[in-house]
Amino acid sequence: MLSSEISKAGFFPGARFFVKSRVYYSVILALFMFSFSSILPVSLRADQPGALNLNLMPYPARVNLTGGEFRLTEKFYVGGHVKPDHRVFKAACRFMSRLAARTGLFFEQDYLAGQPVNDQTVFLYHFERPGQLVPGEDESYLLEINPEKIELKAKTDLGLLHGLETLLQVLSADSAGYYFPCLQIEDSPRFTWRGLLIDSSRHFMPVEVIKRNLLAMSAVKLNVLHWHLSDDQGFRVESKSFPRLHQLGSDGLYYRQAEIIDIIQLASDLGIRVVPEFDLPGHSTSWLVAYPEYGSLPGPYQLERKFGVSSPVFNPAEEKTYKFFDRFLKEMTFLFPDPYFHLGGDEVEPKHWKENPEIQKFMKKNKISDEAGLQAYFNRRLLQLLTKYHKKMIGWDEIYQPGLPKNIVIQSWRGQQALVDGAKKGYQGILSNGYYIDLVESAERHYLNDPLPSDSLLTPEEKKLILGGEATMWAELVTPETVDSRLWPRSAAIAERFWSPKEIRDVDDMYKRLRIISLSLEENGINHLKNQPMMLRRLAQSYEIGGLEVLARVAEPVKGYARHSQGKTYNSLAPLTRFVDACFPESLEARDFRQKVEKFIGNRDLRQAEEIKGCFRLWQENHQKIVRLANFSPILKETVPLSASLLTLSQIGVEAVDLLMKGKPAEPSWLEEKFKQLEEARKSVAECQLAIWPGVKALLDCLKK
Ligand code: ACM
């Protein structure tokens, strides 16, 4: 099957220093470092007293709870030796305003006017040098919270930014007010490349979407925005050398260069690299709409509305193609300062190459035996251009061909094996397979996927070539309204996989912390939570959306690429405003329910039984509300059978709990009938599935025994 969606599906399977002199400072720093050397790594488990109360994500490399607390008051003075245009100064200002917003405290310090260190300073930060936004840069930090003072130190300002986020995450509260628990944290990332891909082509993502997501990324220590800027459906960058690209290739939806510069500046302030991707030579219809003369067939071409792999492809056999890219890359490599430049390279459909006799002649003349060889030729030519413009190339795993220089990075999307194979041959790589958040899988699934699994057969030297990974937010089925809810909070779990020691893998604990992080992401303007009720109000055309909220809390969109095979044909104009779009990728309520069921199965406790039956009653009674809403809102009609399935599951569930409590075996005919109903209720409806289904099945299974 040639749709990219389907083919992707097939592979889917983290001292004090009132310094007067440099000497004084060095001594203090040495002592501070020494005190950390005795801290042992903390693996986060329920038997770790205190650790469970730290809602940190990604969890730091080393944490030592020292007891007591630093009480936050309005006399919270922050100070550091930085100038107002430093990253850290801006970060400290953001930190203070977030702290004020969260606590309602009216801080005495005018932190926007500057943060000199003086006798009042209780939170003091220091870094040694500005960090470079390049892979391998030092991002470590040391945080020490004592009852009277907080100190944060880092080698680079990038590390300091991470420390500020950690400090915000440990802010705690009790009836007496807000406080920071006393602790020492020594932290540094496991991987240097911790990315998030945002696809601005399939659906355009306005500047504010990118900006708020940069803030969220920095909150969880992600440090690379991989910006997918061109594809069949849209070319999204203003080009001054080839203006028809954005004029004809974008439906008017593109980023002006001034906006891009602004976004790169914000990213830099947040310690985030911006790696642009121009996907070539396939996935390129939008370019060829504007400049058909570089295509493999004469055209004309039209902007692609459908998703998947389409046939338009650049002509690699013509010199004029490389003249075009020379000018184009000269402009774009100047606009994007990152040392890496992504040329895509995935899913090249060779149909047009085969249909063009000149291209076939060119291949024969140059002894290029197949289309993969032709793509390799194209890549080598583009790599020469990138090298001329002092960039290193990154591409999807299809770009790998023998003979490519060793400074390229291969991004593995088709499987872990490509990453391993690349590393065995000496290539650096990053992993995206298993981090396709557009597939609306559980956070757990992504969390347990590791760029370097414990059973990896790579040598220590080869392991160093695995730079990290990237979550991918492909945008076929998201809009600016829904993208945050697909990105967050699950990307925070992925961020932890990229940052934290590999031993930190306790799934239940991850979920516990994820809920808290999810709340704090709203502070960065992420609207993953707040858009749901808004969307439900629009669907219901009513303020009374309680029933819809109950249903949405236990429903999930169908997984993987299944939405493309449920009857509707999605394209870039399709409405993404239905009930399924308002549902979160993962129902945390269903996860809780499943745990309740498991507990009940274990203990047959009456209270537990009543709690579970309480859930079932709520879902049963909900059905009439959905029916009533759908009577006045045709767009909600499709949710009625979904709600009816929830009713069925609840009826089965109540009966099953009662039987289990009575300790009586179920009649075989009753069981047979219930399993039939259960299977029926498993079917997806309105592109949704009921996430509580496994919990109900577990109850019935119990009666079989
Ligand atoms: C990809 O998902 N085609 C890189």
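Source: prediction; values computed, not measured.

Notes on unusual backbone geometry
In this structure, the amide linkage connecting Met57 to the following residue, Pro58, adopts the cis form with an omega of 0°. For Pro58, the location among the structural elements is in the loop between helix H2 (22-37) and strand S1 (62-71). Cis geometry is found at the peptide bond from Gly299 to Pro300, where omega equals 0°. Relative to the elements of secondary structure, Pro300 occurs in the loop between helix H8 (285-290) and helix H9 (319-335). Of note in the backbone geometry, Lys221 takes a positive phi value of approximately 70° without being a glycine. Looking at the element boundaries, Lys221 is found in the loop between helix H5 (207-219) and strand S9 (224-231). One non-glycine residue with positive phi stands out, namely Ala686, at about 55°. Considering the arrangement of structural elements, one finds Ala686 in the loop between helix H25 (668-682) and strand S18 (688-690).

Details of empty space enclosed by the protein
Each pocket or cavity is described by its volume, and for the largest cavity that value is around 170 Å³. In terms of lining, the largest cavity is formed by 16 residues, of which the most central are Asp438, Leu477, Gly560, Arg563 and His564. Counted by class, the lining of the largest cavity contains nine nonpolar, two polar and five charged residues. Along the walls of the second largest cavity sit Ala91, Arg94, Phe95, Arg98, Leu161, His162, Leu164, Glu165, Leu168, Ser218 and Leu270, which together make up its complete lining. Top contributing element to the lining of the second largest cavity by residue count: helix H4 (residues 157-169), with five residues. Taken together, the residues of the lining of the second largest cavity sort by class into six nonpolar, two polar and three charged.

Regarding the packing of helix H18 (residues 507-521) against helix H22 (residues 588-603)
Running from amino to carboxyl end, H18 crosses H22 at an angle of 140°, the nearest separation of the two axes being 12 Å. Classified by the interaxial angle, the pair formed by H18 and H22 is oblique. Read as a crossing pair, H18 and H22 show a hand that is left-handed. Where H18 approaches H22, its residues Val507, Asp508, Tyr511 and Arg515 are matched on the opposing element by Leu588, Arg591, Asp592 and Gln595. Class assignment for the residues of the contact of H18 with H22 results in three nonpolar, one polar and four charged.

Description of the nonpolar core
With 146 residues, the main nonpolar core has Phe76, Phe180, Phe325 and Trp488 as its most contacted residues. For this core, the leading source of residues is helix H3 (residues 87-103), giving nine residues. When neighbours within four sequence positions are excluded, Trp488 is seen to be in contact with Leu196, Asn213, Ala216, Met217, Val220, Leu222, Leu521, Ile526 and His528. Residues Leu536, Ala630, Ala656 and Leu659 belong to the second largest nonpolar core, which totals 56 residues.

A word on the pairing of strand S2 (residues 77-80)
With burial as the criterion, each face of S2 is covered, one bearing Tyr77 and Gly79 and the other bearing Val78 and Gly80. Relative to strand S3 (residues 121-129), S2 runs parallel, the two being bridged by four bridges. Paired with Tyr77 across the strands is Thr121, a residue of S3. Between S2 and its parallel partner S3, the chain crosses via H3, and the hand of that crossover is left-handed.

What about the pattern of salt bridges?
Should the charged atoms of two oppositely charged side chains come close, the side chains can pair. Counted by the stated rule, this structure contains 54 salt bridges. In this structure, Lys502 engages Glu503 in a salt bridge whose closest nitrogen and oxygen atoms are separated by 3.7 Å. Residue classification places Lys502 among the partly exposed residues on the basis of a relative accessible area of 35%. Exposure remark for Glu503: the relative accessible area of 52% places this residue in the exposed category. With a closest N to O distance of 2.8 Å, Lys613 and Asp658 form a salt bridge.

Notes on the packing of aromatic side chains
Using the criterion set out here, one finds 42 aromatic pairs in the structure. With centroids separated by 5.1 Å and ring planes inclined at 90°, the aromatic side chains of Phe278 and Phe328 adopt a geometry described as edge-to-face. With a gap of 50 residues between them, Phe278 in strand S11 (residues 273-278) and Phe328 in helix H9 connect regions that are remote in the sequence. Residue Phe278 shares its accessibility class with Phe328, and that shared class is buried. Stacked on the ring of Trp193, the Lys or Arg Arg273 has its end atom at 4.2 Å from the ring centre. Geometry around Phe242 places Arg327 over its ring, the cationic atom sitting 4.7 Å from the centre.

Some points on H5
Helical geometry note: an α-helix holds 3.6 residues per turn, so side chains three or four residues apart project in the same direction. The end-to-end C-alpha distance of H5 is 19 Å, a good match for the 18 Å that 13 residues give at a rise of 1.5 Å each. For H5, the buried fraction is high: ten of the 13 residues fall into the buried class. Turning to H5, its buried residues number three or more, namely Val207, Val209, Ile210, Arg212, Asn213, Leu214, Ala216, Met217, Ser218 and Ala219. For H5, the secondary structure elements touched by its buried residues are H4, strand S8 (193-199), S9, helix H7 (257-269), helix H16 (483-487) and H18.

Observations regarding the pairing of strand S7 (residues 177-187)
Here S7 lies mainly inside the structure; eight of its eleven residues are buried. Relative to S7, S1 is paired through seven bridges, and the arrangement is antiparallel. When the bridges of S7 are listed, Val63 appears paired with Ile185. Inspection of the sheet shows strand S4 (residues 141-145) paired to S7 by five bridges, in the antiparallel sense. Each bridged residue has a counterpart across the sheet, and for Tyr141 the counterpart in S7 is Asp187. Taken together, the three bridges between strand S6 (residues 172-174) and S7 define a ladder with antiparallel strand orientation. Bridged to Ser172 within S7 is Tyr179. Between S6 and S7, which follow one another and run antiparallel, lie two residues.

Calculation notes
Counting restarts for each chain, with residues numbered from 1 along the sequence as it is written. For this predicted model, a pLDDT threshold of at least 70 governs which residues receive local features, and a threshold of 80 or more governs which side-chain atom pairs are given and counted, while totals over whole chains, interfaces and linings are taken from all residues. Side-chain metrics rest on all non-hydrogen atoms present in the structure, leaving aside hydrogens and water. Put simply, DSSP H or I for four residues or longer makes a helix, DSSP E for two residues or longer makes a strand, and each gets a number counted from the N terminus. The distinction between a cavity and a pocket rests on a 1 Å grid over the protein atoms alone: a 1.4 Å probe fits inside a cavity but cannot get out, while a pocket stays open yet meets protein on both sides within 12 Å along at least five of seven lines, and a residue with an atom within 4 Å of a point counts as lining. Grid points are joined across faces, edges and corners, and a volume is the space filled by probe spheres set on the points. Throughout, the ten residues Ala, Val, Leu, Ile, Met, Phe, Trp, Tyr, Cys and Pro are labelled nonpolar, Asp, Glu, Lys and Arg are labelled charged, and all others, Gly among them, are labelled polar. All axes here are fitted lines through C-alpha atoms, helices being fitted over the stretch that makes contact, and every angle between N-to-C directions spans 0 to 180 degrees. If an angle is under 35 degrees, it is roughly parallel; if it is over 145, roughly antiparallel; if it lies from 65 to 115, roughly perpendicular; otherwise it is oblique. Left-handed is the label given to a crossing in which the near helix is rotated counterclockwise from the far helix by less than a right angle, and right-handed is the label when the rotation is clockwise. Two residues form a contact once any of their heavy atoms are found within 4.5 Å. As used in this record, nonpolar core signifies buried Ala, Val, Leu, Ile, Met, Phe, Trp, Tyr and Cys residues forming a set joined through side-chain atoms within 4.5 Å. Burial classification: accessible surface area is computed with a 1.4 Å probe over protein chains only, and a residue below 20% of its type maximum counts as buried, one above 50% as exposed, and the rest as partly exposed. Strand pairing is defined by DSSP finding a minimum of two bridges between the two strands. Whether a crossover is right-handed depends on one test, that the path from the first strand over the helix to the second runs clockwise when the strands point away from the viewer. Think of a salt bridge as a Lys or Arg side-chain nitrogen and an Asp or Glu carboxyl oxygen that are within 4 Å of each other. Here a Phe, Tyr or Trp ring, Trp counted by its six-membered ring, pairs with any other such ring whose centre lies within 6.5 Å, and the pair is stacked when the planes are under 30 degrees apart, edge-to-face when over 60, and tilted otherwise. Look at NZ for Lys and CZ for Arg. If either is within 6 Å of the ring centre and within 35 degrees of the ring normal, a charge sits over the ring. For a helix, the expected span equals 1.5 Å multiplied by the number of residues minus one.

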